[in-house]
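Chains, contacts and geometry: an overview
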Amino acid sequence: MRILVVEDEPGIASLLSRGLGEEGHGVTVEGTLAGARRALELAVADLLIVDRMLPDGDGLDLVRGLRRAGDGRPVIVLTARDRVDERVEGLYGGADDYVTKPFALDELLARVSAVARRTAGDSSGRIEVGDLVVDTEALRVWRAGEELRLTAQEFRLLRCLAEHRGKVLSRTRLLEAVWDVRHDPGTNIVDVYVSYLRTKVDKGRAPLIHTVRGLGYVLEDR
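Residues numbered from 1 in each chain as written. Predicted model: local features only at pLDDT ≥ 70, side-chain atom pairs only at ≥ 80, totals over all residues. Heavy atoms only, no water.

1. Here's the deal with the confidence of the model for the protein chain
- When pLDDT is averaged along the protein chain, the result is 86; 89% of the residues meet or exceed 70.
- Mean pLDDT per element in the protein chain: helix 4 (residues 84-92) is the minimum at 64, and strand 12 (residues 209-212) is the maximum at 96. (pLDDT = per-residue confidence, 0-100. Helix = DSSP H or I, 4+ residues; strand = E, 2+ residues; numbered from the N terminus.)

2. Remarks on helix 2 (residues 33-42)
- Along helix 2, the positions that sit buried rather than exposed are Leu 33, Gly 35, Ala 36, Ala 39 and Leu 40. One side of helix 2 carries all its buried residues, which in axial view fall inside an arc of 160°. Those residues of helix 2 that are exposed and aimed more than 90 degrees away from the buried face are Arg 38, Glu 41 and Leu 42. (Buried < 20%, exposed > 50% of the residue type's maximum accessible area, 1.4 Å probe, protein only. Arc of directions from axis to C-beta.)

3. Some points on the packing of helix 2 against helix 3 (residues 59-68)
- Running from N to C, helix 2 and helix 3 point in directions that differ by 30°, and their axes come no closer than 10 Å. Between helix 2 and helix 3, the interaxial angle falls into the category roughly parallel. Of the two elements, helix 2 crosses helix 3, and the hand of that crossing is right-handed. Along the contact surface, helix 2 presents Leu 33, Ala 36, Arg 37 and Leu 40, while helix 3 presents Gly 59, Asp 61, Leu 62 and Leu 66.
- The residue makeup of the contact of helix 2 with helix 3, split by class, is five nonpolar, one polar and two charged. (Axes fitted to C-alpha atoms, helices over the stretch in contact; angles between N-to-C directions. Parallel < 35°, antiparallel > 145°, perpendicular 65-115°, else oblique. Left-handed = near helix turned anticlockwise from the far one by under 90°. Contact = heavy atoms within 4.5 Å. Nonpolar A, V, L, I, M, F, W, Y, C, P; charged D, E, K, R; others polar.)

4. Points about the sheet that holds strand 10 (residues 140-143)
- Spatial ordering of the open sheet is given by 8-9-10-11, a layout of four strands whose pairing is antiparallel. The sheet is open, and its two edges are formed by strand 8 (126-129) and strand 11 (146-148), each paired on a single side. In this sheet, neighbouring strand axes are inclined to one another by 25° on average, regardless of whether the strands run parallel or antiparallel.
- The pairing of strand 9 (residues 132-135) with strand 10 spans four bridges and is antiparallel. By the bridge assignment, Leu 132 is partnered in strand 10 with Arg 143. (Pairing = 2+ DSSP bridges.)

5. Here we look at the nonpolar core
- Formed by 27 residues in total, the largest nonpolar core has its most connected members in Leu 157, Leu 158 and Leu 219.
- Listed by contribution, the elements that provide at least two residues to this core are strand 8, strand 9, helix 6 (152-163), helix 7 (171-179), helix 8 (189-201) and strand 13 (216-219).
- For this core, the element with the most residues is helix 6, which contributes six residues.
- Val 6, Leu 40, Ala 95 and Tyr 98 belong to the second largest nonpolar core, which has 18 residues in total. (Core = buried A, V, L, I, M, F, W, Y, C linked by side-chain atoms within 4.5 Å.)

6. Remarks on the pattern of salt bridges
- In the structure shown here, the tally under the stated rule is 18 salt bridges.
- The partner of Asp 58 in a salt bridge is Arg 52, with the nearest N and O atoms 2.5 Å apart.
- A salt bridge links Asp 202 to Arg 143, with the shortest nitrogen-to-oxygen separation between them at 3.3 Å. Here Arg 143 lies in strand 10 and Asp 202 lies in the loop between helix 8 and strand 12, a separation of 59 residues in the sequence. Per residue, the accessibility class of Asp 202 equals that of Arg 143, and both read buried.
- Salt bridges sharing common partners tie together Glu 7, Glu 9, Asp 51 and Lys 101. (Salt bridge = Lys/Arg side-chain N within 4 Å of Asp/Glu carboxyl O.)

Set out below in structure tokens:
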């Protein structure tokens, strides 16, 4: 799982990065709200751990912004504030869990696993875009009722586009999310696989995979 940690205290940020990394997660650390927002534009995150007291504002504002935009990715909020009303504020602000400092790393890791399981359990595993259905649990795809045969890599690319339906994803972001490769200006693998997908998903039908010139690709029913 890819986790974005938004924490400005170096010791805590390092602890979380090391602990989560040892559990097999990919971790990105940002120390400000501005940095977190940039990171969310540039990279894929499956779960966020957000401190409330950041140099440029309240981390809960980031969570509220995600929820207003319809982004349901799980968020765990960290804070030194231990008042009940502030914990309630965090949960009503869109957080999935609320952890007060100081905390034991084992507890935080357990909460990450619990939140990930809980939010995954809320999903049917089906993503629908127009007449396209992507079943993320059965790893199957249908278009207009016809099942499509995709390779594993094609499915991963389509799933990434479907999970961010309506949002333009850059080639760099897709390269990192699907192939786990940092920016490589010399590769056209994303374009090649988008072409493969279009042949199977869009051929003979109204297109769902669209190119946004100079920016990337978006999956949406226009």
